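Examining the three-dimensional arrangement
Listed below, chain by chain, are the residues.
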Amino acid sequence: MRILGIETSCDETGVAIYDQNQGLLANQLYSQKELHSTYGGVVPELAARDHVKKVVPLIRSVLIQTNLNSVDIDGIAYTAGPGLKSALLVGAAIAKSLAYSWKKPVLGIHHMEAHLLSPMLEITDITSFFKFPIIALLVSGGHTQLVYVKCIGEYKILGESVDDAVGEVFDKIAILLGLKYPGGALLSNMARFGKPGKYVFPRPMIHQSGLNFSFSGLKTAVTRSILSNLNDYQTRADIAHAFELAVVDTLVIRCQQALEQTGVKSLIISGGVSANFVLRKKFSKMIQALKGKLFFPKIEFCTDNAAMVALIGLIRMKTSVINNNDLSILVKPRWSLESLSKLNTDV
Ligand code: KG4
Ligand code: ZN
């Protein structure tokens with residue numbers, strides 16, 4: 001089985017082809033970063049209009065790259081949510097239209113399930129990758145969630161951010177530090193030049209019961225420091241360093257608590273922020289001490305991409321019956337992971 005995946009949930013247009021036997025055949029991405037950086041954040045209407053321009057050329061391009069045409073594609077998967085409504089609608093409309101004209105099954109994919117399972121993109125044998133149950137930490141621009149994964153499709157949210165998502169906080173602080181949107185990776189680069197210990201910020205919520213996160217207090221503390229200090233490069237780097245450490249420490253402590261409370265020893269970390277170098281280092285150390293297992297996506301699959309959408313499309317199409325007659329263009333800008341169905345059969 002070979003699936004064409006389409007991702008348009010936010011500010012990246014992605015198209016990929018995933019083959020059951022050969023793995024990922026093509027993965028192309030167009031980032032709208034430049035378009036939105038002027039505004040310091042994603043402008044939904046501009047994002048949607050840009051997806052309209054880019055998605056068809058990208059589909060054509062992956063087909064040319066792989067020397068395939070429509071008869072070689074067995075199904076189409078697109079991101080149906082969560083995400084920006086106008087942006088999601090572009091992917092949904094093109095996926096449904098192609099499915100109609102190519103006479104192929106089509107399936108809407110949950111963006112966070114795609115992130116969650118993205119470490120599986122590294123292997124071709126997708127049947128025996130994770131041993132369930134497993135805990136997942138999803139850290140992206142829109143979500144910060146701790147998930148108990150009983151098996152693929154059966155998810156329980158153990159905790160989530162009650163305010164800003166981790167990526168969002170990185171991006172907001174980055175702007176205050178004079179960096180361009182989206183500034184997570186740029187802030188992290190700046191933090192490398194920071195002197196340890198010059199600033200210390202709180203690790204929010206870690207002593208409170210439950211497994212939720214809150215980053216607004218930390219954001220306020222860091223903002224005050226930036227505004228009340230002489231903003232030469234070194235000071236900004238020192239603040240960036242302390243901020244990154246406070247965020248990562250908070251995530252590590254909460255995940256450790258989740259692992260202790262559930263008795264699970266394996267952890268998946270995915271979503272854009274999982275590309276963070278300090279996060280990867282600190283989590284590896286924590287899991288080593290617990291003698292557990294840690295899974296990250298490859299760096300290129302941490303941020304939004306269509307490869308993960310095509311992969312989940314394959315898994316779900318292989319294990320469920322698709323209603324080919326449903327051509328309604330429906331998206332779910334808000335969509336709970338817990339509402340997903342577990343697979344009918346093994347992959
Ligand atoms: O998963 P993603 O591509 O989009 C959403 O689904 O939201 O995540 C994007 C987020 C942005 O906030 C970006 O700044 C952040 O991931 N990010 C990083 C790093 N690389 C991307 N944050 C911290 N360190 C990084 N290296
Ligand atoms: Zn994402």
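The text that follows walks through the structure, step by step, so that each part is easy to find. Computed from a prediction, not measured in an experiment: that's the story for all the values here. (Residues numbered from 1 in each chain as written. Chains lettered and ligands numbered in written order. Predicted model: local features only at pLDDT ≥ 70, side-chain atom pairs only at ≥ 80, totals over all residues. Heavy atoms only, no water.)

**Notes on the coordination of the zinc ion (ligand 2)**
Those donors, H111 (NE2), H115 (NE2) and D304 (OD), are the protein atoms that reach the zinc ion (ligand 2), and they lie 2.0 to 2.1 Å from it. The sequence motif formed by the donor residues of the zinc ion (ligand 2) is H-x3-H-x188-D. Within this pair, whereas H111 is found in helix α4 (residues 111–116), its partner D304 is found in the loop between β10 (293–295) and α10 (307–319), the two being separated by 193 residues in sequence. Judged by relative accessible area, which is 13%, D304 ranks as buried. (Donors = N, O, S within 2.8 Å, 3.2 Å for Na, K, Ca; no water. Helix = DSSP H or I, 4+ residues; strand = E, 2+ residues; numbered from the N terminus. Buried < 20%, exposed > 50% of the residue type's maximum accessible area, 1.4 Å probe, protein only.)

**Let's talk about the environment of I226**
With respect to the helices, strands and loops of the structure, I226 is situated in helix α7 (residues 216–228). Along the primary structure I226 and V169 are separated by 57 residues, whereas in three dimensions their C-alpha atoms are 14 Å apart. Look past the residues within four positions of I226 in its chain and what remains in contact with it is I173, L176, L177, N231 and I239. (Contact = heavy atoms within 4.5 Å.)

**Considering the sheet that holds strand β6 (residues 134–139)**
The mixed open sheet is built from five strands, whose spatial order is β8-β7-β6-β9-β10. Since the sheet does not close on itself, it has two edges, and those belong to β8 (154–160) and β10, each with one partner. For this sheet the average axis-to-axis angle between neighbouring strands, irrespective of direction, equals 25°. On top of the sheet, helix α9 (residues 277–290) reaches β6, β9 (266–270) and β10; it is set at about 175° to β9, its chief contact. (Pairing = 2+ DSSP bridges. Axes fitted to C-alpha atoms, helices over the stretch in contact; angles between N-to-C directions.)

**Topic: unusual backbone geometry**
The omega angle of the peptide bond from G81 to P82 is -15°, so this bond is cis rather than trans. Inspection of the secondary structure puts P82 in the loop between β4 (75–81) and α3 (85–102). In this structure, the amide linkage connecting Y181 to the following residue, P182, adopts the cis form with an omega of -10°. Along the chain, P182 falls in the loop between α5 (166–176) and α6 (184–191). Unlike most non-glycine residues, N67 shows phi in positive territory, near 60°. Residue placement: N67 occurs in the loop between α2 (44–66) and β4. The backbone of K103 shows a phi angle near 60°, a positive value even though the residue is not glycine. With respect to the element layout, K103 can be found in the loop between α3 and β5 (106–110).

**Focus: the pairing of strand β1 (residues 2–7)**
With six of six residues buried, β1 lies mostly within the body of the structure. By the alternation rule, side chains of β1 split into R2, L4 and I6 and I3, G5 and E7, which are all buried. With six bridges connecting them, β1 and strand β2 (residues 12–19) associate as antiparallel partners. Residue pairing for β2: E7 is matched across the bridge by G14. Note that β1 and β4 share four bridges and pair parallel. Bridge pairing in β4 links G5 to A77.

**Section: the site of ligand 1**
Residues in close proximity to ligand 1 total 18 residues, the closest being G141, D171, G272, N276 and D304. The separation between an oxygen atom of ligand 1 and a polar main-chain atom of D304 is 2.9 Å. Expressed as a share of its isolated accessible area of 560 Å², the protein-covered part of ligand 1 is 87%. For the shell around ligand 1, the secondary structure elements donating two or more residues are α4, α5 and α6. Top element by residues in the shell around ligand 1 is α5. It accounts for three residues. Taken together, the residues of the shell around ligand 1 sort by class into five nonpolar, 11 polar and two charged. (Near = heavy atom within 4 Å. Polar contact = N/O pair within 3.5 Å; in protein donor to acceptor, adjacent residues only side chain to side chain. Areas by Shrake-Rupley, 256 points an atom, 1.4 Å probe, with all protein chains shown as cover. Nonpolar A, V, L, I, M, F, W, Y, C, P; charged D, E, K, R; others polar.)

From the geometry alone we can't say anything about function, so treat these as descriptive.
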